[in-house]
Amino acid sequence: MSAPDNDAPVEIVWQGKYITTKKQGRWEYVARSRGIRAAAILAVDEEDHVLLVEQYRVPLGRNCLEFPAGLIGDDDGEEDEDALTAAGRELEEETGYRASVLEDMGTYFSSPGMVSESFTLVRARGLTKVGEGGGVGGENITVHRVARSDLPEFIAAKRREGCGIDVRVLTLLVQGFIEGE
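Residues numbered from 1 in each chain as written. Predicted model: local features only at pLDDT ≥ 70, side-chain atom pairs only at ≥ 80, totals over all residues. Heavy atoms only, no water.

A. Inspection of the overall build of the protein at higher detail. The helix and strand tally for the protein stands at 3 helices and 11 strands. For the protein, the sequential pattern of α-helices and β-strands runs β-β-β-β-β-β-β-α-β-β-β-α-β-α. Its C-alpha atoms give the protein a radius of gyration of 18 Å, near enough to 16 Å, the size a compact globule of 181 residues would have. Summarising its shape, the C-alpha atoms of the protein cover approximately 50 × 40 × 30 Å along the three principal directions. (Helix = DSSP H or I, 4+ residues; strand = E, 2+ residues; numbered from the N terminus. Rg over C-alpha atoms; globule rule 2.2 N^0.38 Å.)

B. Focus on the side chain of Thr95. When you line up the elements, Thr95 lands in helix H1 (residues 83-95). Its relative accessible area of 0% is what places Thr95 among the buried residues. Within the local environment of Thr95, its side chain forms a polar contact with the backbone oxygen of Leu91, the two atoms lying 2.5 Å apart. Of the polar contacts made by the side chain of Thr95, one reaches the backbone nitrogen of Tyr97; its length is 3.1 Å. (Buried < 20%, exposed > 50% of the residue type's maximum accessible area, 1.4 Å probe, protein only. Polar contact = N/O pair within 3.5 Å; in protein donor to acceptor, adjacent residues only side chain to side chain.)

C. Local environment of a nonpolar patch on the surface. A contiguous nonpolar patch, built from Val13, Trp14, Tyr18 and Ile19 and spanning about 380 Å² of accessible area, is present on the exposed surface. For Val13, the position within the fold is in strand S1 (residues 10-15). By relative accessible area, which is 52% here, Val13 ends up exposed. (Patch = residues over 30% accessible without salt bridge, like charges linked within 9 Å, V, L, I, M, F, W, Y side chains within 5 Å. Areas by Shrake-Rupley, 256 points an atom, 1.4 Å probe, with all protein chains shown as cover. Salt bridge = Lys/Arg side-chain N within 4 Å of Asp/Glu carboxyl O.)

D. Main features of the nonpolar core. Ranked by internal contacts, the top residues of the largest apolar core, which has 17 residues, are Leu52, Leu65, Phe67, Leu151, Val169 and Leu172. For this core, the element with the highest residue contribution is helix H2 (residues 151-160), accounting for 3 residues. Core analysis: the second largest hydrophobic core is formed by 14 residues, Ile41, Ala99, Ala124 and Leu127 among them. (Core = buried A, V, L, I, M, F, W, Y, C linked by side-chain atoms within 4.5 Å.)

E. Seen up close, the sheet that holds strand S8 (residues 97-109). In space, the 4 strands of this open sheet follow the order S7-S4-S9-S8, with mixed pairing throughout. Taken across any chain shown, the strands that pair with only one partner, and hence form the sheet edges, are strand S7 (69-72) and S8. On average, adjacent strands in this sheet sit at an angle of 30° to one another, irrespective of strand direction. Bridge count between strand S4 (residues 37-43) and S7: 4 bridges; the pairing is antiparallel. (Pairing = 2+ DSSP bridges. Axes fitted to C-alpha atoms, helices over the stretch in contact; angles between N-to-C directions.)

Here it is as structure tokens:
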């Protein structure tokens, strides 16, 4: 499919270590520098609890409730890191849980009109608590283990507290809507 700006040259407006702002024709957008991708982890344990994380996000100016997630290959020398390897590492760092099974659920784009970043959704099963979580390097992550049946109320309470809600969390609510629950 062709659009008026498809053939316009890409101009780099600004580039940092992790993001690049670009202009192509009439479009302005943000991309990850160096082709870095992300992994987002949908972790549900055998007791039907979902692992979510909460952390302060500077662009929002407040805490945000999210799936555990992280960048793939963002460390020097790790540019070829596999999405499942990164997901397992991030799950353990952020939540303190290790998964015996990690399943690639595909690549998705969260805001394709503004950001070219993609993320691989990874399902984590066979969870074992191996540490406290909380992230690395002062990330100050709070881990929430929430029964799926309690998710609508939990999310509403977090929203009332002023917490932002990452769009991926919506997938946990939509499933019940689609199934007519």
